[in-house]
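Tertiary structure, described
Here is how the chains run, residue by residue.
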Amino acid sequence: MRDLNGAIAVVTGAGQGNGRAIAIGLARAGARLALCDLNAELAEETAAMIRTENGVAISRRADVRDREQCRDFAATVAAELGDAEILVNNAGIIRRHGIADADFDQHWDATFRVNVDGTKNMTLAFVPQLERTAGRIVNLASIMSQTAGAGIPAYVASKGAIGQFTKALAHELAPRGIRVNALAPGVIDTPMTETTRANDAAISRFMMHTPLGRTGKPEELVGPVLFLASEMSSYVTGVILPVDGGYLAA
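This text gives an overview of the structure that appears in the document. In every chain, residue numbers begin from 1 and rise along the written sequence. Only residues with pLDDT of at least 70 get local features here, since the model is predicted, and only at 80 or more are side-chain atom pairs given and counted; chain-wide, interface and lining totals rely on the full set of residues. Side-chain calculation: all heavy atoms of the structure are included, whereas hydrogens and water are not.

1. Some remarks on the overall build of the protein chain
Note the cut-off: Put simply, DSSP marks the helices as runs of H or I at least four residues long and the strands as runs of E at least two long, and each gets a number from the N terminus on. Each radius of gyration is computed over the set of C-alpha atoms, and the globule rule expresses the reference value as 2.2 Å times the number of residues to the power 0.38. The buried label applies to any residue whose accessible area, calculated with a 1.4 Å probe on protein chains only, is under 20% of its type's maximum; exposed applies above 50%, and partly exposed to all values in between. The criterion used for residue contact is that any of the two residues' heavy atoms lie within 4.5 Å. Surface accessibility follows the Shrake-Rupley procedure with a 1.4 Å probe radius. Residue values consider only the protein chains on display as shielding. Under the convention used here, Asp and Glu are negative, Lys and Arg are positive, and both His and the chain ends fall outside the count. To locate a charge, take atom NZ for lysine, CZ for arginine, CG for aspartate or CD for glutamate.
Scanning the protein chain for helices and strands turns up 8 helices and 7 strands. Relative to the compact-globule value of 18 Å for 250 residues, the protein chain shows a C-alpha radius of gyration of 17 Å, a close match. Along the first, second and third principal axes, the C-alpha set of the protein chain runs to 50 × 40 × 35 Å. Buried positions account for 51% of the 250 residues belonging to the protein chain. Counting contacts in the protein chain only where the partners sit at least 6 residues apart, residues at least 24 apart contribute 73% of the total. Accessible area of the protein chain: about 11,200 Å², with a carbon and sulfur share of 52%. Of note, the protein chain has its 24 positive side-chain charges centred 2 Å away from the centre of its 27 negative side-chain charges.

The following block contains the structure:
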């Protein structure tokens with residue numbers, strides 16, 4: 001599929017896991033990629049993988065928590081590739097803690113700064129470009145934006161915020177020609193979910209509620225992203241699409 005041939009796509013948190021798989025998938029569909037990550041070396045590894053397959057990719061270190069860095073990254077993309085047409089807000093973290101923990105506030109603040117403020121910062125930085133290109137935004141929510149689990153209250157709350165922010169943006173940006181949707185992944189085989197997958201009791205509980213009976217692969221997010229980032233979804237905005245093996249349907 002090369003439905004996105006020549007499109008300029010931005011992926012945050014592209015150094016590993018879901019971000020890397022999404023970036024490579026977009027490149028294989030013909031997009032030109034601008035990648036950022038807090039870890040510049042990992043971001044460049046992803047870019048190099050794309051270039052090895054004759055794709056076009058640039059990478060930069062950018063901290064999504066920093067509004068100025070987000071604006072600088074947007075300016076770099078415009079100068080080196082042109083106006084972005086696709087923004088995938090993938091950067092995110094998870095902190096495992098409880099509300100009784102002495103450092104709860106610290107975990108809460110850290111999680112919201114990356115997951116919520118980071119998504120907001122990158123979105124605001126790229127909206128002027130996306131308005132010129134009738135662009136598409138794909139946010140990474142989670143099944144935890146629609147359900148909940150113990151031990152990760154800040155993550156659950158932050159992903160709930162991403163789900164609602166996606167819907168609010170769909171209303172705000174539709175008059176400006178920009179569509180906004182989100183994915184709600186289940187348990188995907190990435191470094192972020194390693195602790196959950198290594199916990200037999202925890203993963204068993206997830207699998208009991210997952211009709212497909214397995215965890216997902218990062219590459220299995222690519223098809224849904226391509227759908228939401230392309231004209232195949234031209235009449236779709238404000239949607240939170242589960243990619244969870246049926247977890248939310250169980």
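2. Describing the packing of helix α3 (residues 67–80) against helix α4 (residues 104–133)
Note the threshold: Axis angles are defined between N-to-C directions and span 0 to 180 degrees, where every axis is a line fitted to C-alpha atoms and, for a helix, only to the segment in contact. Left-handed describes a crossing in which the near helix is turned anticlockwise from the far one by less than a right angle; the clockwise case is right-handed.
Taken N-terminus to C-terminus, the directions of α3 and α4 make an angle of 35°; their axes are 9 Å apart at the nearest point. Note that α3 runs across α4; the crossing there is right-handed. Here α3 contributes Arg 67, Cys 70, Arg 71, Phe 73, Ala 74, Ala 75, Val 77 and Ala 78 to the contact with α4, which in turn contributes Lys 120, Asn 121, Met 122, Ala 125, Phe 126 and Gln 129.

3. Points about the layout of surface pockets
For the record, the criterion: Lining residues are those with an atom within 4 Å of a point, where the points come from a 1 Å grid over the protein atoms alone and group into cavities, where a 1.4 Å probe fits but cannot get out, or pockets, open sets with protein on both sides within 12 Å along at least five of seven lines. Grid points are joined across faces, edges and corners, and a volume is the space filled by probe spheres set on the points. Only Asp, Glu, Lys and Arg are considered charged in this grouping, and only Ala, Val, Leu, Ile, Met, Phe, Trp, Tyr, Cys and Pro are considered nonpolar; every other residue, Gly among them, is considered polar.
Here the largest pocket is characterised by a volume of approximately 1,200 Å³. Lining the largest pocket we find 49 residues, and of these Ile 93, Ile 94, Tyr 155, Met 192 and Thr 193 sit closest to its centre. Grouping the amino acids of the lining of the largest pocket by side-chain chemistry returns 25 nonpolar, 17 polar and 7 charged. Its volume calculated, the second largest pocket comes out at about 160 Å³. What lines the second largest pocket is a set of 17 residues, among which Thr 215, Gly 216, Val 243, Asp 244 and Gly 245 lie closest to the centre. Along the lines of polarity and charge, the residues of the lining of the second largest pocket split into 8 nonpolar, 5 polar and 4 charged.

4. Considering the side chain of Thr 166
Assignment of secondary structure puts Thr 166 in helix α5 (residues 153–173). According to the relative accessible area criterion, Thr 166 is buried, its value standing at 0%. Those residues in contact with Thr 166, other than ones at most four positions away along the chain, are Asn 139, Val 180, Asn 181, Ala 182 and Val 239.

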